[in-house]
Amino acid sequence: MEYKDLILRALKAKEKAYVPYSNFRVGAAVLTEDGSVYEGCNIENASYGATNCAERTAIFKAISEGHCEIKALAVVGDTSTYIYPCGICRQVIAEFAKSDTPVILAKNEEEYIVRTLVQILPDAFTKRDLNK
Ligand code: THU
C-alpha cells in the first residue's frame, strides 16, 4: 500500500475525532501484516486522563481484530506542523512494530515525512528485555 493511501485513511479517521475539550483533532491509520487497514481517532473524556490518542485507537482496533504486526502507521493532525505520536503511543507502537517500521507524519497526502520507529523511540524497553 502507498503511503498516500494510508494518509487518506488517517485523514478520514480524523473527522471522527471526539474532542470536546481540546478541539485538537488527530487521525491515524495502521497497516497490518495482511494488508488490512484500521483507522483511529482521538477520543477524549471529561476525566482528561482517560483520553485515548488516535494512534492507540487504531492499533487497539487492529490487535483486537486478531492482527499482531504493524507494517506502517500514518498520523495526521489539524495543525501546520507534523504531529508526532506521544510517548505512550510510541511505546504501544513498539509492542507491535519493528525498529525499521515506518511512521508517517502527514499534513496531507502530498506533504509528509517518514520516520522509523527506532528514530522516534531509541533504546526502547520491549518484550526482548523480558526475554519474551
Ligand atoms: N493526541 C493524539 O491523539 N495523538 C498524539 O500523538 C498526540 C495527542 C490527542 C490527545 C488529545 O485528545 C489531544 O490530542 C490533545 O493532546
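Here, every reference points to the structure presented above.
This text gives an overview of the structure that appears in the document. (Residues numbered from 1 in each chain as written. Predicted model: local features only at pLDDT ≥ 70, side-chain atom pairs only at ≥ 80, totals over all residues. Heavy atoms only, no water.)

Thoughts on the environment of Ala-29
- Within the secondary structure, Ala-29 sits in strand β1 (residues 26–32).
- In sequence terms Ala-29 and Val-92 are 63 residues apart; their C-alpha atoms lie 14 Å from each other. (Helix = DSSP H or I, 4+ residues; strand = E, 2+ residues; numbered from the N terminus.)

Observations concerning the side chain of Arg-90
- Residue position: Arg-90 is located in helix α3 (residues 87–96).
- Beyond its immediate chain neighbours, meaning those up to four positions away, Arg-90 contacts Tyr-84, Pro-85, Leu-117, Ile-120 and Leu-121. (Contact = heavy atoms within 4.5 Å.)

Describing the environment of Asn-45
- Relative to the helices and strands, Asn-45 resides in the loop between β2 (37–41) and α2 (54–64).
- Sequence separation between Asn-45 and Pro-20 is 25 residues, and the spatial gap between their C-alpha atoms is 8.4 Å.
- Beyond its immediate sequence surroundings of up to four residues, Asn-45 is in contact with Tyr-21, Ala-50 and Thr-51.

Details of the pairing of strand β4 (residues 102–106)
- For β4, the tally of buried residues reaches five of five residues, placing the bulk of the element in the interior.
- What you see with β4 is no split at all: Pro-102, Ile-104 and Ala-106 on one side and Val-103 and Leu-105 on the other are buried throughout.
- Of the pairings in the sheet, the one linking strand β3 (residues 70–77) to β4 comprises four bridges and is parallel in character. Counterpart to Val-76 in the pairing with β4 is Ala-106.
- On the question of chirality, the crossover connecting β3 to the parallel β4 by way of α3 is right-handed. (Buried < 20%, exposed > 50% of the residue type's maximum accessible area, 1.4 Å probe, protein only. Pairing = 2+ DSSP bridges. Right-handed = clockwise from strand over helix to strand, strands pointing away.)

This is a description of form; function is not addressed.
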